[in-house]
Amino acid sequence: RKVEELKEQIDLTDSQMLMQYGAGAKQNIADFSANILNNIRAKDSGFVGDLMTELVTNVEGLDFEYLEKDSGIFGIFKKAENRLKRFMAQFERLEDQVDRIEGKLDEARMELLRDIGMFDTMYEKNLEYFKQLQIYITAGEEKIAELKEKTIPSLRAEAQKSGDPMSAQLVRDFEDTVSQFEKKVYDLKTSRTIAIQTAPQIRLVQNNDTLMSEKIQSTLVNTIPLWKSQMVLALGLEHSRQATQAQSAVTEMTNQL
């Protein structure tokens with residue numbers, strides 16, 4: 001229905017209509033493509049990787065082996081206490097750093113979720129522009145076919161019948177106008193190709209954001225709590241090890257005495 005309505009409005013004797021045919025849809029797709037490019041350029045997903053790297057580096061910096069160093073029988077109480085204090089200081093600093101990074105990762109995840117929603121909107125707009133272009137292209141092609149099959153042969157027959165040179169020139173001018181209109185429709189097809197290529201590009205970027213968001217979610221829900229529980233467990237094991245070591249030292253000293 002829209003194609004038929006638009007085809008009825010095509011008047012190649014109107015030079016303004018010829019120049020403006022499909023211009024709105026073409027401009028929409030051009031502005032839209034530029035908007036997508038600007039959004040992608042403005043995105044900096046590298047900082048998420050930096051946060052992950054910082055998180056791993058900080059956790060790896062926690063010196064678990066220092067707790068296990070042997071200090072001998074007589075120094076076991078004092079030195080073990082010093083080692084534990086040092087480890088606790090490291091643990092508290094690490095906990096603050098992990099909490100800070102956790103907060104930044106959660107902010108990054110929320111931003112990615114907003115971007116995913118934005119790309120859904122972009123995809124729908126791109127589909128709308130594609131449909132608009134398709135209507136203009138179909139109407140233009142049908143009009144060109146009608147002109148070539150009916151209107152131009154009829155005008156040629158009338159010009160030949162009249163024998164008037166000016167009538168023949170008018171026919172040639174009209175044929176040139178039809179050729180110009182064909183080029184205009186071809187330009188619209190190029191814009192349609194851009195819309196077709198844009199659709200998978202939008203989905204590609206959106207899927208990357210979705211994967212990154214899921215990784216961050218997994219880190220926040222699984223990895224970081226696991227690390228924290230393992231660090232707390234390490235402290236608990238150290239307390240137990242110290243108690244056992246102290247008891248062994250006392251027993252050994254008793255045996256020596």
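A. Expanded view of the overall build of the chain. In terms of regular secondary structure, the chain is built from six helices and zero strands. When the helices and strands of the chain are read in sequence order from the N terminus, they spell out α-α-α-α-α-α. In the chain, buried positions account for 32% of the 257 residues. Taking contacts inside the chain between residues at least 6 apart in sequence as the whole, the part at least 24 apart equals 87%. Within the structure as shown, the chain displays about 16000 Å² of accessible surface, and the carbon and sulfur contribution to it stands at 53%.

B. Region of the structure containing the side chain of S213. By the element assignment, S213 lies in helix α6 (residues 165-256). Residue class for S213 comes out buried when judged on its relative accessible area of 7%.

C. Summary view of helix α1 (residues 2-9). Of the positions making up α1, those classed as buried are V3, L6 and K7. End-on, the buried residues of α1 take up no more than an arc of 105 degrees, which puts them together on one face. Of the exposed residues in α1, the ones pointing more than 90 degrees away from its buried face are E8 and Q9.

D. How the structure looks around the packing of aromatic side chains. Evaluated as defined, the whole model comprises two aromatic pairs. Among the aromatic residues, those joined into a cluster by ring pairs are Y21, Y136 and F181. One residue, R203, lies across the ring of Y123, its end atom 3.8 Å from the ring centre.

E. Looking closely at the nonpolar core. Judged by nonpolar contacts, the single largest core of 19 residues is most densely connected at I10, L12, Y21, F174, V178 and F181. Every element with two or more residues in this core is listed here: α1, α2 (15-20), α5 (76-162) and α6. Counting residues per element, this core draws most heavily on α5, which supplies six residues. Sequence-distant contacts of F181, that is, excluding residues within four places in its chain, are made with I10, L12, L18, Y21, G140 and I144. Core analysis: the second largest hydrophobic core is formed by 11 residues, L94, V98, L105 and L220 among them.

F. Examining the confidence of the model for the chain more closely. Scored by pLDDT, the chain has a mean of 78; 77% of the residues are at 70 or more. Within the chain, the lowest mean pLDDT, 67, falls on helix α4 (residues 46-60), and the highest, 86, falls on α1. Under a pLDDT of 50 for its full length, residues 70-78 has, in the predicted model, 15 contacts with residues more than four places off or in other chains.

Definitions and cut-offs
Residues numbered from 1 in each chain as written. Predicted model: local features only at pLDDT ≥ 70, side-chain atom pairs only at ≥ 80, totals over all residues. Heavy atoms only, no water. Helix = DSSP H or I, 4+ residues; strand = E, 2+ residues; numbered from the N terminus. Buried < 20%, exposed > 50% of the residue type's maximum accessible area, 1.4 Å probe, protein only. Contact = heavy atoms within 4.5 Å. Areas by Shrake-Rupley, 256 points an atom, 1.4 Å probe, with all protein chains shown as cover. Arc of directions from axis to C-beta. Phe/Tyr/Trp six-rings, centres within 6.5 Å; stacked < 30°, edge-to-face > 60°. Lys NZ or Arg CZ within 6 Å of the ring centre and 35° of its normal. Core = buried A, V, L, I, M, F, W, Y, C linked by side-chain atoms within 4.5 Å. pLDDT = per-residue confidence, 0-100.

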